[in-house]
Amino acid sequence: MDEEQLALVEEGLNLLIKRFKRNSNIGDLERMKAAQDAKVAIRKVMLSVAVKGDIKDIVPVIEGGKGAGWEVTDFDDRIIRYHA
């Protein structure tokens, strides 16, 4: 996954934030908060990619105390979790 694909993920998160901001369904505020956390974390992933190079795999994660974020596997099979 390269920087262009990560930018597409960020755009998708922006759309989700706009959608959940309307609060038209029960739980939308929690979903908006998770999308905002994921957006902050994806920017950290993008910075990491810019410094270290492309990544092999990226998976969304939600941890109780840390919120939404991303679990990234690099080409050396190291797993790093990014949170807001």
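Above this text you will find the structure in question.
Residues numbered from 1 in each chain as written. Predicted model: local features only at pLDDT ≥ 70, side-chain atom pairs only at ≥ 80, totals over all residues. Heavy atoms only, no water.

Asks: Requested: an account of the overall build of the protein, with residues and values cited.
Replies: When helices and strands are tallied, the protein shows two helices and three strands. Going from N to C terminus, the protein has its helices and strands arranged as α-α-β-β-β. Here the protein holds 84 residues, and 36% of them are scored as buried. Restricting the contact set of the protein to residue pairs at least 6 apart, pairs at least 24 apart contribute 44%. For the protein, the accessible area works out to roughly 5600 Å², and carbon and sulfur atoms hold 54% of it. Taking the 14 positively charged and 15 negatively charged side chains of the protein as two groups, their mean positions are separated by 8 Å. (Helix = DSSP H or I, 4+ residues; strand = E, 2+ residues; numbered from the N terminus. Buried < 20%, exposed > 50% of the residue type's maximum accessible area, 1.4 Å probe, protein only. Contact = heavy atoms within 4.5 Å. Areas by Shrake-Rupley, 256 points an atom, 1.4 Å probe, with all protein chains shown as cover. Lys, Arg positive; Asp, Glu negative; His and termini not counted. Charge placed at Lys NZ, Arg CZ, Asp CG, Glu CD.)

Asks: Give a detailed account of the pairing of strand β1 (residues 57–63), specifying residues and quantitative values.
Replies: As paired elements, β1 and strand β2 (residues 67–73) share seven bridges and run antiparallel to each other. Pairing of P60 across the sheet is with W70, part of β2. Here β1 folds back onto β2 in antiparallel fashion, the turn holding three residues. (Pairing = 2+ DSSP bridges.)

Asks: Explain the environment of R22 to me, using residue names and the numbers behind them.
Replies: Turning to its location among the elements, R22 is positioned in the loop between α1 (3–21) and α2 (28–52). For R22, a relative accessible area of 63% gives the class exposed. Along the primary structure R22 and M32 are separated by ten residues, whereas in three dimensions their C-alpha atoms are 9.5 Å apart.

Asks: Explain the packing of α1 against α2 residue by residue, including any values.
Replies: Running from N to C, α1 and α2 cross one another at 165°; their axes reach a closest spacing of 9 Å. Of the possible angle classes, the one that applies to α1 and α2 is roughly antiparallel. The two elements α1 and α2 cross, and the hand of that crossing is left-handed. Residues that form the contact of α1 with α2 fall into these classes: 15 nonpolar, two polar and seven charged. (Axes fitted to C-alpha atoms, helices over the stretch in contact; angles between N-to-C directions. Parallel < 35°, antiparallel > 145°, perpendicular 65-115°, else oblique. Left-handed = near helix turned anticlockwise from the far one by under 90°. Nonpolar A, V, L, I, M, F, W, Y, C, P; charged D, E, K, R; others polar.)

Asks: Describe unusual backbone geometry, listing the residues and the values that go with them.
Replies: Although it is not a glycine, N23 sits at a positive phi angle of roughly 55°. Although it is not a glycine, D77 adopts a positive phi angle of roughly 60°. Among the structural elements, D77 can be located in the loop between β2 and β3 (79–83). With a relative accessible area of 51%, D77 lands in the exposed category.

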